[in-house]
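Each chain, written out:
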Amino acid sequence: MSTDGTQREAAGGSRGGRTSAAGSALEKSLRILEAVAAPGGPYRLAEVTVAAAVPKSSTFRILASLIEQGFVRQEGDSRYGVGPRLRGLSALVSGGEPASIERILGELRETTGQTVHLALHSGETITYIRKLESDQPFRTASRVGMQMPLHSTAIGKSILAHLPAEEVRDLIAAAGLPPRTPRTLTTAAALRAQLAEIHERGFAVDDEENEAAIRCIGAAVLGADGRPIGGVSVTTVTFLVSREAIEAYAPALRAATEALAPLL
């Protein structure tokens with residue numbers, strides 16, 4: 001990524017005599033998006049800061065918001081790349097299919113009849129960026145933009161199952177394993193044992209581990225390098241769908257995550 005003054009001026013420009021580091025929050029956000037989307041990414045925070053000509057503290061704050069909204073995604077090594085919503089806008093402008101993510105998730109909802117979530121992985125949490133409600137007469141408390149822990153959610157556990165052991169150890173040390181319900185796995189040994197099973201079968205189950213009476217099945221969306229980008233879950237309530245029944249959704253769930261991988 002070029003850091004010379006000419007490139008910075010081209011990316012951000014000056015408006016009304018202001019320097020390229022000045023401007024509204026919108027201007028800064030757009031310059032940051034341009035920097036993240038430049039060829040050669042993903043980029044580190046310092047690289048985005050220089051290319052966008054925005055102070056580091058502001059860049060970090062704006063990037064966090066863009067990640068939450070799905071326009072940017074954070075790689076495991078603290079690099080920032082293009083998120084699914086930005087890719088969708090690109091497809092719309094180029095005449096492609098902008099609703100591919102919604103179509104894939106919608107088909108999964110139709111197949112299962114249950115609520116479907118799409119979340120991205122960022123550090124010690126996942127962030128929901130899509131939620132398609134079922135037609136069932138109940139609503140879950142989750143919402144787009146909500147951040148959830150890794151160890152107690154089906155998506156989170158499926159992500160952990162595809163990370164290197166040392167990275168999982170560091171995440172556990174940083175975030176801990178706080179109980180969300182009486183069924184939450186709260187010891188590293190128990191979690192590691194389950195992660196091995198999840199990696200083998202390709203999906204995870206949250207059986208009232210994150211929220212009482214809520215049962216989910218989740219699978220990771222993997223990038224081209226094999227690292228988890230995020231995940232998809234099918235969510236229901238325990239009094240409607242048994243553990244055995246929700247595991248039967250696994251083939252449809254895996255097909256959805258594979259179809260989503262090129263779009264995230």
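Up top is the structure.
Residues numbered from 1 in each chain as written. Predicted model: local features only at pLDDT ≥ 70, side-chain atom pairs only at ≥ 80, totals over all residues. Heavy atoms only, no water.

A. Expanded view of the side chain of Asp 206. Note that Asp 206 resides in strand β7 (residues 204-207). No salt bridge forms around the buried Asp 206; measuring N to O, its nearest opposite-charge neighbour Lys 157 is 5.9 Å away. Looking at Asp 206, its side chain comes within polar contact range of the main-chain nitrogen of Glu 208, at 3.4 Å. A polar side-chain atom of Asp 206 sits 3.3 Å from the main-chain amide nitrogen of Asn 210. Setting aside its immediate chain neighbours within four residues, Asp 206 contacts Ser 152, Thr 153, Ala 154, Lys 157, Ile 214, Arg 215 and Cys 216. (Helix = DSSP H or I, 4+ residues; strand = E, 2+ residues; numbered from the N terminus. Buried < 20%, exposed > 50% of the residue type's maximum accessible area, 1.4 Å probe, protein only. Lys, Arg positive; Asp, Glu negative; His and termini not counted. Salt bridge = Lys/Arg side-chain N within 4 Å of Asp/Glu carboxyl O. Polar contact = N/O pair within 3.5 Å; in protein donor to acceptor, adjacent residues only side chain to side chain. Contact = heavy atoms within 4.5 Å.)

B. Quick look at the sheet that holds strand β2 (residues 72-74). The strand order across the open sheet built from three strands is β1-β3-β2, with neighbouring strands paired in antiparallel fashion. Every other strand in the sheet has two partners, leaving β1 (43-44) and β2 as the edge strands with one partner each. With three bridges joining them, β2 and strand β3 (residues 79-82) adopt antiparallel strand pairing. Paired with Arg 73 across the strands is Gly 81, a residue of β3. Relative to the sheet, helix α2 (residues 25-37) contacts β1, β2 and β3, its axis offset from that of β3 by approximately 90°. (Pairing = 2+ DSSP bridges. Axes fitted to C-alpha atoms, helices over the stretch in contact; angles between N-to-C directions.)

C. The pairing of strand β4 (residues 115-122), seen in detail. Of all the eight residues making up β4, eight are buried; the element is thus mostly covered by neighbouring parts of the structure. As paired strands, β4 and strand β9 (residues 228-237) are joined by six bridges and run antiparallel to one another. Bridge pairing links His 117 to Ser 233 in β9. Relative to strand β5 (residues 125-132), β4 runs antiparallel, the two being bridged by seven bridges. Bridging across to β5, His 121 finds its partner in Ile 126. The turn linking β4 back onto β5 is made up of two residues, and Gly 123 within it adopts a positive phi angle of 65°.

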